Amino acid sequence: MCVSCRRRSGIARNTPLRSIVCAPCWFAGGGDISPAELTDTTEDDTAAADELLAGVATLLPRTALDWFRALLASPWYQQVRRDAAERLRGLLTELARRADWDDHTSWPTWDRLQHASGWRRSSTARWLAELQHHGWLLRIEGGTTPQFRPLALQHLTGNRAAVYQLRVPASEAAEQAVPTKPDPRDPSTEHAAAQTTTDTTWTPTHTPKDLSKTSTGVPTRARACIHSSQVSPPSAAAYGPDGPGQEEKQGGHFDRRVPVTGAEMLAAAAELRTDPALRRLTPRWIRSITRTWWQAGWTNNDLRYALAHRPRPDGPAEPAYRCPAHQLRSPDGWLRHRLSWWRDTNGPLVSPTVDARQRRSAALARGHAAAQRLPYGATELSPTDLPATATERTTAESQLVRRWAREFHARRNAPRPDAEVATPQSRTSHLTQISKTLDETRGARPTAPSVPVAEPPAPTTPAPAPPHEPTAATAHERALARARADRANGPRRTPRPFRARRFR
């Protein structure tokens, strides 16, 4: 089956993956084929291709919502274990939300599917294969990259996600009476399809290609639409490798606005459900938990900041660890616990937006260092906030030592000027200069004047005899006398007799 058109049979071509490409697609991509291959395409190839791809008799649902409801009511889904059913529901929601409104083709990336379900790549691939095996999904095109892309798809740029089509098994459609679209290849349904198109009483949904008609409002009990943020305007250059209809909204209506009424709070709670940790909570449940903070002047951006940070009494808020969304057992308890950090005896603290504004004012008045020492929610610095702590002093000293070491290392390893580099010529010149200096120093040293020495007069009286030098006998006698004196001062200690020990 051709990987490009999925309608005609082909043969293995000279591509990195030896992909199956039909003759028309290979010729359109620049490949060489014979005229017989180009003309040998019949309608039987199309029917055979659909039967081979489907595996079971499937039909195209009328809307993605009909496909989603039929799948949740199917016996196969009811037999799935409860913990896996919750994650599978997120995967099905992502596929239905990203589906095209005409052909029901969906091409979300692997990152989106793993983020929506909480599964790893292998588990996500296994459940997608299960959906294809039971006829709920049909893979139109596999994911490709420019390096391993068939020649018929070389005109595409970037990584291309796999394309799936939402299908309903014929048995399930007949049992549950699922609304489906007629098969255009069946000649008996041509008249019925034309009549259905003209006699429909329900309002058809708009195609996502006309994004200006896409309604993004949150339904409330009020007559006026509170939440009416628009998506980005359609542009051919803005479409990425995933195609049209895959753009995200450019921010919520209450990201920087404070909801006041109950309807506005309900709409703001619906915008907070984009957080994966709050996706399992209803808007009314979120509104009942966060109503107090909205009444204190908080916005949705402040609440998102509070869920990811924790306030400090000696400075700005610090980041806090967030466990993955699929590991939360009680999202409402987690939300109350995170918001309890931002409450005191008087109620909620000031919003992070107001605290940032106060820190900017303190930085302009007293400097950035003073603004960093300002406690959360405070407007003025107290004398107890200004002295540096022992930890801050140690940190400052270590920073100074590191900076001095970097400067010393830079000076020591800096390239020296050419005048200071030692060469044979400079060595000879320095040696000559040193020798000259030594010679001048020796020549300038003063000498003592020569004075005639007078001869001593002849002695008239005999000189006294020199003292008698001690002889060896005299030294021996003195040593004996010293030994006798030492013996007389105390008794002589005899050494203890040595006795050999016997081993028992």
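Since the model is a prediction, treat every value here as computed from it, not as a measurement.

(A) Up close: the overall build of the protein chain. Regarding its fold elements, the protein chain presents 19 helices and 11 strands. Classification of the 504 residues of the protein chain by burial places 29% in the buried group. Surface summary for the protein chain: the accessible area is close to 35,000 Å², and the carbon and sulfur share equals 55%.

(B) Summary view of the pattern of salt bridges. Summed over the entire model, instances satisfying the criterion amount to 7 salt bridges. Of the charged contacts in the structure, one is a salt bridge between D275 and R322, with a shortest N-O distance of 3.2 Å. On the criterion of sequence distance, the pair formed by D275 in the loop between α11 (262–272) and α12 (283–295) and R322 in the loop between β9 (315–319) and α14 (331–340) is long-range, its members being 47 residues apart. Under the relative-accessibility criterion, D275 is labelled buried at 12%. By relative accessible area, R322 is classed as partly exposed at 30%.

(C) Quick peek at the nonpolar core. Ranked by internal contacts, the top residues of the largest apolar core, which has 30 residues, are W67 and L92. Those elements giving two or more residues to this core turn out to be α4 (64–72), α5 (75–78), α6 (82–97), α8 (121–133) and β6 (163–166). Considering each element in turn, this core owes the most residues, 7 residues, to α6. Apart from residues lying up to four places away in sequence, W67 is in contact with P61, L92, L95, A96, W136, L137, L166, R167 and V168. Ranked by size, the runner-up nonpolar core spans 25 residues in total, among them L272, I289, L307 and A317.

(D) Geometry of the environment of L137. For L137, the location among the structural elements is in strand β5 (residues 137–141). Taking C-alpha positions, L137 is 9.4 Å from P169, a pair spaced 32 residues apart along the chain. Not counting the four nearest positions on each side in its chain, L137 is found in contact with W67, L95, L128, L131, Q132, Y164, Q165 and L166.

(E) Geometry of the packing of aromatic side chains. Per the counting criterion, the structure on display carries 6 aromatic pairs. Here the aromatic rings of W119 and W127 are separated by 5.4 Å at their centres, their planes lie at 5 degrees, and the arrangement is stacked. Within the aromatic cluster, the residues linked to one another by ring pairs are W298, Y305, W342 and Y376. Above the ring of W110, the side-chain terminus of R121 is found at 4.4 Å from the ring centroid. Positioned over the ring face of W341 is R310, at 4.3 Å from the centre of the ring.

(F) Layout of the pairing of β6. Residue alternation in β6 divides its side chains into two sets, V163 and Q165 and Y164 and L166, and both sets are buried. Pairing between strand β4 (residues 105–106) and β6: 2 bridges, direction antiparallel. When the bridges of β6 are listed, S106 appears paired with Y164. Direction of pairing for β5 relative to β6: antiparallel, over a ladder of 4 bridges. Bridging from a neighbouring strand, L138 pairs with Q165 of β6.

(G) Summary view of the pairing of β9. Relative to β9, strand β8 (residues 309–312) runs antiparallel, the two being bridged by 3 bridges. Residue pairing for β9: R310 is matched across the bridge by E318. The hairpin formed by β8 and β9 contains 2 residues between the paired strands.

(H) Region of interest: α8. Here α8 is 13 residues long and its end C-alpha atoms lie 18 Å apart, about the 18 Å a rise of 1.5 Å per residue gives. The set of residues buried in α8 consists of T124, W127, L128 and L131. What you see down the axis of α8 is that its buried residues fit within an arc of 105 degrees, all on one side. What points out from α8, more than 90 degrees from its buried face, is the exposed set S122 and H133.

(I) Structural context of α4. Counting buried positions along α4 gives 7 out of 9 residues, so the element sits mostly inside the fold. What α4 keeps buried is the set A64, D66, W67, F68, A70, L71 and L72.

(J) Region of interest: the side chain of H104. You can see H104 is positioned in the loop between α6 and β4. Within the structure, the side chain of H104 is placed 2.7 Å from the backbone oxygen of P61, a separation counted as a polar contact. Sequence-distant contacts of H104, defined by excluding residues within four places in its chain, comprise L60, P61, R62, T63, A64, A99, Y164, Q165, L166 and K181.

(K) Looking closely at the confidence of the model for the protein chain. Across the protein chain, the average pLDDT comes to 74, with 67% of residues at or above 70. The lowest-confidence element of the protein chain is helix α10 (residues 190–199), averaging 44 in pLDDT; the highest-confidence one is α12, averaging 93. Between residues 41–54, whose pLDDT stays under 50, and residues either more than four places distant or in other chains, the model counts 18 contacts. Confidence over residues 189–250 falls short of pLDDT 50; this stretch has 66 contacts with residues more than four positions distant or in other chains.

(L) Here's a closer look at the sheet that holds β5. Here 3 strands make up an open sheet; going across it, the order is β4-β6-β5 and the pairing antiparallel. What marks the edges here is a single partner per strand, and that holds for β4 and β5.

(M) Examining the side chain of T105 more closely. Inspection of the secondary structure puts T105 in strand β4. Look past the residues within four positions of T105 in its chain and what remains in contact with it is R98, A99, D100, V163, Y164 and Q165.

(N) The arrangement of the environment of Y77 in detail. Relative to the elements of secondary structure, Y77 occurs in helix α5. Y77 sits 12 residues away from R89 along the chain, and the two C-alpha atoms are 9.6 Å apart. With residues up to four places along the chain from it excluded, the contact list for Y77 reads L71, L72, A85, L88, R89 and L92.

The rules behind the values
- Residues numbered from 1 in each chain as written.
- Predicted model: local features only at pLDDT ≥ 70, side-chain atom pairs only at ≥ 80, totals over all residues.
- Heavy atoms only, no water.
- Helix = DSSP H or I, 4+ residues; strand = E, 2+ residues; numbered from the N terminus.
- Buried < 20%, exposed > 50% of the residue type's maximum accessible area, 1.4 Å probe, protein only.
- Areas by Shrake-Rupley, 256 points an atom, 1.4 Å probe, with all protein chains shown as cover.
- Salt bridge = Lys/Arg side-chain N within 4 Å of Asp/Glu carboxyl O.
- Core = buried A, V, L, I, M, F, W, Y, C linked by side-chain atoms within 4.5 Å.
- Contact = heavy atoms within 4.5 Å.
- Phe/Tyr/Trp six-rings, centres within 6.5 Å; stacked < 30°, edge-to-face > 60°.
- Lys NZ or Arg CZ within 6 Å of the ring centre and 35° of its normal.
- Pairing = 2+ DSSP bridges.
- Expected span 1.5 Å × (residues − 1).
- Arc of directions from axis to C-beta.
- Polar contact = N/O pair within 3.5 Å; in protein donor to acceptor, adjacent residues only side chain to side chain.
- pLDDT = per-residue confidence, 0-100.

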